[in-house]
Amino acid sequence: MAPTDATYAITGASGRLGGRIARRLAAAGIAQTLLARTPSRAPQLTGAIAVSGAYDDHEALVRALRGTDRVLMVSASESPDRLRDHRTFVDAAAQAGVAHLVYISFYGAAPDATFTLARDHWHTEQHIRAAGIPFTFLRDNLYADFMPALVGADGVVRGPAGDGRAALVAQDDIADAAVAVLLDPHPHTGRTYELTGPQSLTLTEVARILTAVGGRPVSYVPETTEEAYASRARYGAPDWQLDAWVSTYAAIADGSLATVTTAVEDLTGHRATSLDEVLRAGTEGRPSSE
């Protein structure tokens, strides 16, 4: 089936990653349905139609997805109900007869993953398998694009990451990989890809790169797990959110996110983008695809 003959549906198009993917498809002349909780927030793209498709609305999802060939499922916003919502979406996709589901998962997803939210991704993957929908799982490492957000007002990154490493991946690379699978899903049916950047970096090295590119001194100060919980308690976040924040650093510390793969290049045909390149593209005012 040629790309122009297939039907496409994209979730999360009003967000950073889903928006990148939807824009790439539009630029390639691909018609698509954009599912959104608030359709008016979806990007205005040539050949795209925005429809109601909240992850917790089974009937609306079935209507939006019925007979769709290729669907991108971006994970829902972090919440205590995310796994329930994911299962609702998957069940609706199965009922609607979706031919191929590309799910944006997380690197090393497992039922006992150190990063607590990666456990939700593993359970979602298992539900997709059980539903019988042909699938491809794209498991992203930590986003290189988000590293500046780790820096506090004092120019310090704090967390219990020790000297551990993470193979940070660029959101543009993830988008390129997702589009490659969506346009030609057959070779990737039943496959799981761990998407990473070209390097595995400690937070000390991340701070050094942030300093070099941004011109503002940035340093990394390790915390103990207890210190990490205490320093974040002032935000008043629920326990599950605190666990997620702290376990992100713990997963770096124990090596869960360290291994570099060739999946980005294998899927896209271009090398993975380094943190330095991601940051320099941002500071040079490259047009955003968000």
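Refer to the structure printed above.
Criteria and thresholds
For every chain, the first residue of its written sequence is number 1, and the numbers climb from 1 along that sequence. This being a predicted model, a pLDDT of at least 70 is required before a residue's local features are given, and a value of 80 or more before pairs of side-chain atoms are given or counted; all residues contribute to the totals for chains, interfaces and linings. For the side-chain quantities, the full set of heavy atoms in the structure was used; hydrogens and water were omitted. We call two strands paired when DSSP finds no fewer than two bridges between them. Under the scheme used here, helices are H or I runs from DSSP no shorter than 4 residues and strands are E runs no shorter than 2 residues, and both carry numbers assigned from the N terminus. Every angle, taken between N-to-C directions, lies between 0 and 180 degrees, and every axis is a line fitted to C-alpha atoms, over only the stretch in contact when it is a helix. Contact between two residues is taken to exist if any of their heavy atoms lie within 4.5 Å; hydrogens are not considered. Every angle not falling under 35 degrees, over 145, or within 65 to 115 is termed oblique; those three ranges are roughly parallel, roughly antiparallel and roughly perpendicular. Left-handed describes a crossing in which the near helix is turned anticlockwise from the far one by less than a right angle; the clockwise case is right-handed. Type-normalised accessible area, obtained with a 1.4 Å probe on protein chains alone, sets the label of each residue: buried when under 20%, exposed when over 50%, and partly exposed for intermediate values. The handedness of a crossover follows from its direction of travel: if, with the strands pointing away from the viewer, the path from the first strand over the helix to the second runs clockwise, the crossover is right-handed. Two rings from Phe, Tyr or Trp (for Trp, the six-membered ring) form a pair when their centres are within 6.5 Å of each other. A pair whose planes differ by under 30 degrees is stacked, one over 60 is edge-to-face, and the rest are tilted. A helix's residues, less one, multiplied by 1.5 Å, set its expected span. Consider a residue and the seven residues that end there alongside the seven that start there; fitting an axis to each set, the bend is the angle between those axes.

Student: Help me out: how do you make sense of the sheet that holds strand β6 (residues 135–140) in this one?
Tutor: Strand-to-strand pairing in sheets goes through backbone hydrogen bonds, with the strands running parallel or antiparallel. Taken together, the 7 strands give an open sheet; going across it, the order is β3-β2-β1-β4-β5-β6-β8, and neighbouring strands pair in parallel fashion. The sheet terminates laterally at β3 (48–52) and β8 (191–195), the two strands that pair on one side only. Taken pair by pair, the neighbouring strands of this sheet meet at an average axis angle of 20°, ignoring direction. In this fold helix α1 (residues 16–27) packs onto β1 (8–11), β2 (32–36), β4 (70–73), β5 (100–106) and β6, with an angle of close to 155° to the strand it touches most, β1. Across the sheet, helix α3 (residues 82–96) touches β1, β2, β4 and β5, and the angle it forms with β4 is around 180°.

Student: I would appreciate a short explanation of the environment of A22 in the present structure.
Tutor: Its place among the elements puts A22 in helix α1. For the pair A22 and Q32, spaced 10 residues apart in the sequence, the C-alpha separation amounts to 7.9 Å. Leaving out residues up to four positions away in the same chain, A22 has contacts with I10, A13, Q32, L34 and L45.

Student: Can you walk me through the packing of α1 against helix α5 (residues 171–183) in this structure?
Tutor: The packing of two helices is summarised by the inter-axis angle and the distance between the axes. Between α1 and α5, the shortest axis-to-axis distance is 9 Å and the interhelical angle comes to 50°. With respect to α5, the axis of α1 lies oblique. The two elements α1 and α5 cross, and the hand of that crossing is right-handed. On α5, the residues touching R16, L17, R20, I21, R24 and L25 of α1 are Q171, D172, I174, A175, D176, A178, V179, L182 and L183.

Student: What exactly am I supposed to notice about the pairing of β5 here?
Tutor: Most of β5 is tucked away, with 7 of its 7 residues classed as buried. Both β4 and β5 contribute to a ladder of 4 bridges, which runs parallel. Looking at the pairing, R70 lines up with H100 of β5. In this region the chain leaves β4, passes through α3 and returns to the parallel neighbour β5; the handedness of that crossover is right-handed. Inspection of the sheet shows β5 paired to β6 by 6 bridges, in the parallel sense. Along β6, the bridge assignment pairs I104 with L138. Where the polypeptide runs from β5 across helix α4 (residues 116–131) and back to β6, its parallel neighbour, the crossover connection is right-handed.

Student: Sorry, what's going on with the packing of aromatic side chains here?
Tutor: Each pair of aromatic rings is reported with the distance of its centres and the angle of its planes. Applying the stated criterion across every chain yields a total of 6 aromatic pairs. Ring geometry for Y103 against F137: centres 6.2 Å apart, planes inclined by 85°, an arrangement best described as edge-to-face. With a gap of 34 residues between them, Y103 in strand β5 and F137 in strand β6 connect regions that are remote in the sequence. Comparing Y103 with F137, the two get one shared label, buried. With a centroid separation of 5.1 Å and an interplanar angle of 85°, the aromatic rings of Y143 and F146 are classed as edge-to-face.

Student: I'm lost on helix α8 (residues 239–253) in this one. Help?
Tutor: Each turn of an α-helix holds 3.6 residues, which means side chains three or four residues apart point in the same direction. The end-to-end C-alpha distance of α8, which contains 15 residues, comes to 21 Å, matching closely the 21 Å that a straight helix rising 1.5 Å per residue would cover. The sharpest bend along α8 reaches about 30° and sits at S247. All buried positions along α8 are accounted for by Q241, L242, A244, V246, S247, T248, Y249, A251 and I252. Where α8 is buried, its residues contact α4, β7 (156–159), α6 (203–214) and α7 (225–232). Just past α8, the residue G255 takes up positive phi, approximately 85°.

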